Amino acid sequence: MKSPQIRSFVAGVLIANSAPHLATAVTGRRHFTPLAGHGSGAAVNAAWAGRGVESN
């Protein structure tokens with residue numbers, strides 16, 4: 001079993017990574033994601049942000 005500190009750190013990293021993707025999705029701009037590369041649109045960024053938040 002992982003220690004609570006490690007789990008908290010990983011959760012923080014995932015939330016910190018999803019924040020810019022969520023902001024980009026809300027504004028409708030393009031942002032790099034591993035799913036679609038450099039031209040990722042708002043829907044892909046919203047999905048990537050949701051994946052990061054969901055895994056917590």
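What you see is a predicted model; the values in this text were computed from it and never measured.

J.: How should the overall build of the protein be read in this particular structure?
T.: Within the protein, the regular secondary structure consists of 2 helices and 0 strands. Of all 56 residues assigned to the protein, the portion counted as buried reaches 21%. Of the contacts made within the protein by residues no fewer than 6 positions apart, 30% connect residues no fewer than 24 positions apart. On the protein, roughly 4,000 Å² of surface is accessible, and the fraction owed to carbon and sulfur atoms is 65%.

J.: Would you mind going over the environment of Asn-17 with me for this structure?
T.: On the secondary structure map, Asn-17 appears in helix H1 (residues 4-27). On the basis of relative accessible area, Asn-17 is assigned to the partly exposed category, the value being 37%. Along the primary structure Asn-17 and Trp-48 are separated by 31 residues, whereas in three dimensions their C-alpha atoms are 9.4 Å apart.

J.: Is there a simple way to think about a nonpolar patch on the surface in this case?
T.: A surface patch of nonpolar side chains, amounting to about 380 Å² of accessible area, comprises Ile-6, Phe-9, Val-10 and Val-13. Along the polypeptide, Ile-6 turns up in helix H1.

J.: Sorry if this is basic, but what is going on with H1 here?
T.: In an α-helix, one full turn covers 3.6 residues, which means residues spaced three or four apart are oriented alike. Taking 1.5 Å of rise per residue, the 24 residues of H1 would be expected to cover 34 Å, and the 35 Å separating its terminal C-alpha atoms lies within 8% of that figure. Every buried residue belonging to H1 is among Ser-18, His-21, Thr-24 and Ala-25, and all of these are buried. Immediately downstream of H1, the backbone of Gly-28 shows phi near 80°, a positive value.

Rules used in this analysis
- Throughout this description, residue numbers start from 1 for each chain and increase along the sequence as written.
- The model is predicted, so local features are restricted to residues of pLDDT at least 70 and side-chain atom pairs to those at 80 or more, both for listing and for counting; the totals for chains, interfaces and linings are taken over all residues.
- Only hydrogens and water are removed before side-chain values are computed, so all heavy atoms of the structure are retained for them.
- Under the DSSP-based scheme used, a helix requires at least four consecutive residues in state H or I and a strand at least two consecutive residues in state E, with every element numbered from the N terminus.
- When accessible area is computed with a 1.4 Å probe and restricted to protein chains, residues below 20% of their type maximum are described as buried, those above 50% as exposed, and intermediate ones as partly exposed.
- The contact criterion used throughout is that any non-hydrogen atoms of two residues lie within 4.5 Å.
- Reported accessibility uses the Shrake-Rupley method at a 1.4 Å probe radius. Residues are deemed covered only where the shown protein chains occlude them.
- Patches here are clusters of residues that have more than 30% relative accessible area and form no salt bridge, with a 9 Å joining cutoff for like charges and a 5 Å cutoff for nonpolar side chains (Val, Leu, Ile, Met, Phe, Trp, Tyr).
- Salt bridge, as used here: a side-chain nitrogen of Lys or Arg that lies within 4 Å of a carboxyl oxygen of Asp or Glu.
- One fewer than the residue count of a helix, multiplied by 1.5 Å, yields its expected span.

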